[in-house]
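Here is what each chain is made of, one letter per residue.
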2 protein chains.
Amino acid sequence: MLTNAKLVFNKNINQKHTEAAIKHAEYLCLQKQQKFTSLRRTVFEILWEDYQPLGAYEIKQRLSMRLGKKIDPPTVYRAIEFFVDLGLANKIESLNAYIGCPFPSSQRSYIFLICENCKNVAEVSTGSVDNSLALIMEKLKFKLRKQHIEVKGICSKCSP
Amino acid sequence: MLTNAKLVFNKNINQKHTEAAIKHAEYLCLQKQQKFTSLRRTVFEILWEDYQPLGAYEIKQRLSMRLGKKIDPPTVYRAIEFFVDLGLANKIESLNAYIGCPFPSSQRSYIFLICENCKNVAEVSTGSVDNSLALIMEKLKFKLRKQHIEVKGICSKCSP
DNA sequence: TAGATAAATGTTATATTATAACAAAATTAA
DNA sequence: TTAATTTTGTTATAATATAACATTTATCTA
């Protein structure tokens, strides 16, 4: 969990972050009277293990490996939904993929930067875009519940 | 086509807009040496006929009705891809749906406002969010190619 | 214009993503 | 410790999307 960071690359995520994320998830579940079951914990660990967007069926496969048994799609989708609802994971719509949320307690929203070359995804938490959006929503009297901002292009490492 | 408008609701789209959009599509195709074939024209008309996001299979069904014959998925997906590539249509990722682009010649990008109550989608073209985003991209040396901004909530008509 | 080339469309099959519906097990409450 | 609730298991299938190849149509070139 990276409460202060504004930018998150998967390269910078390590075991410590994962452990902190799990701790935070446990805490949040306690607080919201939700159960951080063994199955959910395993899915959560998978979401963080290399901190890249994973498709549901990729998660399914990894879960199956870890537990040594066949896992069916609903099992995976239910766990994902659980975390997305709690704000502990996000769906990247344009990839049909899921990723752990590195700023779970932030009020800010996220921008996903998707590199079309190396396929890496970075996540930015920013106030300025949020403010611009909020202003527009206010003008239009649109009650914002959730926003998805995904940008595609070439990351700094892939462009000379 | 609404070159100056900043906000587009489906209610405000009428036959004239559709005709203008078709004219513009014809022109752009000519310019880019692409063919605005009969099939593509029909798909384009469908995308504009009630100016709401349509799933590929909904388009398939309408196309089938219009042409009085069975249409297979690739036919639809190819036409959609053609228009998306030309910037004449957009995919709304969080809905797996497609919609005609009302600002085809604008350099700006679009924000889709999706009402979770009435399911209507409005489209906003705005500079301020773009500028904020551009600033962030510059800082991160990320070469932006395409952005998807989709917000979900309750529109003004649905909230008292 | 005839034949060659390229582009668009048709067709079949299948991959990928996601959910509905109901059963069994585990947890929590009464 | 039974009843109620929640979670997980299971089966089946829905919804979205693409690969691969065949045919047709349009365009180019000799």
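To be clear, the structure that these remarks concern was listed above.
Just so it is clear, the structure is predicted and the values come from calculations on it, not from any experiment. Throughout, residues of each chain are indexed from 1 in the direction in which the sequence is written. Just so you know, chain letters begin at A and ligand numbers begin at 1, following the order they were written in. For a predicted model such as this one, the threshold for reporting local features is a pLDDT of at least 70, and the threshold for listing and counting side-chain atom pairs is 80 or more; totals across whole chains, interfaces and linings nevertheless cover every residue.

Re the interface of chain A and chain B
As a reminder of what qualifies: Once C-beta atoms have been placed from the backbone, residue pairs whose C-beta atoms lie within 7 Å are recorded as contacts. Put simply, DSSP H or I for four residues or longer makes a helix, DSSP E for two residues or longer makes a strand, and each gets a number counted from the N terminus. Residue type decides the class: Asp, Glu, Lys and Arg count as charged, Ala, Val, Leu, Ile, Met, Phe, Trp, Tyr, Cys and Pro as nonpolar, and the leftover types, Gly among them, as polar. Think of it this way: DSSP has to see at least two bridges between two strands before they count as a pair.
Counting residues at the interface gives 30 residues for chain A, matched by 29 residues for chain B. Broken down by secondary-structure element, the contributors of at least two residues to the side of chain A that touches chain B are β5 (121-126), α5 (127-140) and β6 (143-154) of chain A. The dominant element in the side of chain A that touches chain B, judged by the number of residues it contributes, is β6(A), at twelve residues. Of the residues belonging to the side of chain A that touches chain B, the class tally is 13 nonpolar, nine polar and eight charged. Both β6(A) and strand β6 (residues 143-154) of chain B contribute to a ladder of eleven bridges, which runs antiparallel. Pairing of A:L144 across the sheet is with B:G153, part of β6(B).

Describing the environment of A:L39
Turning to its location among the elements, A:L39 is positioned in helix α2 (residues 38-49). Counting along the chain gives 118 residues from A:L39 to A:K157, while the straight-line C-alpha distance between them is 36 Å.

Regarding the relation of the copies chain A and chain B
Rules: The superposition of copies rests on a least-squares fit of C-alpha positions from residues with pLDDT of 70 or more in both.
Take chain A, turn it by 180°, move it 0.0 Å along the axis, and it overlays chain B with an RMSD of 0.0 Å. Considering both components of the superposition, the chain copies are consistent with a two-fold axis. Considering only C-alpha atoms, the part of chain A nearest the rotation axis is A:I149, at 2.3 Å. A share of 97% of interface residues in chain A that are also interface residues in chain B marks the association as one of identical surfaces.

Brief notes about the protein's contact with DNA strand C
Definition in use: Placing the C-beta atom from the backbone, one calls a residue near a molecule or strand if that atom lies within 6 Å of it.
Around DNA strand C, the structure places 17 residues, and the nearest of them are A:P73, B:T37, B:L39, B:D72 and B:P74. Elements that contribute at least two residues to the surface near DNA strand C include exactly α3 (56-67) and α4 (73-86) of chain A together with α2 (38-49) and α4 (73-86) of chain B. Per-element accounting of the surface near DNA strand C gives the leading share, four residues, to α4(B). Along the lines of polarity and charge, the residues of the surface near DNA strand C split into eight nonpolar, five polar and four charged.

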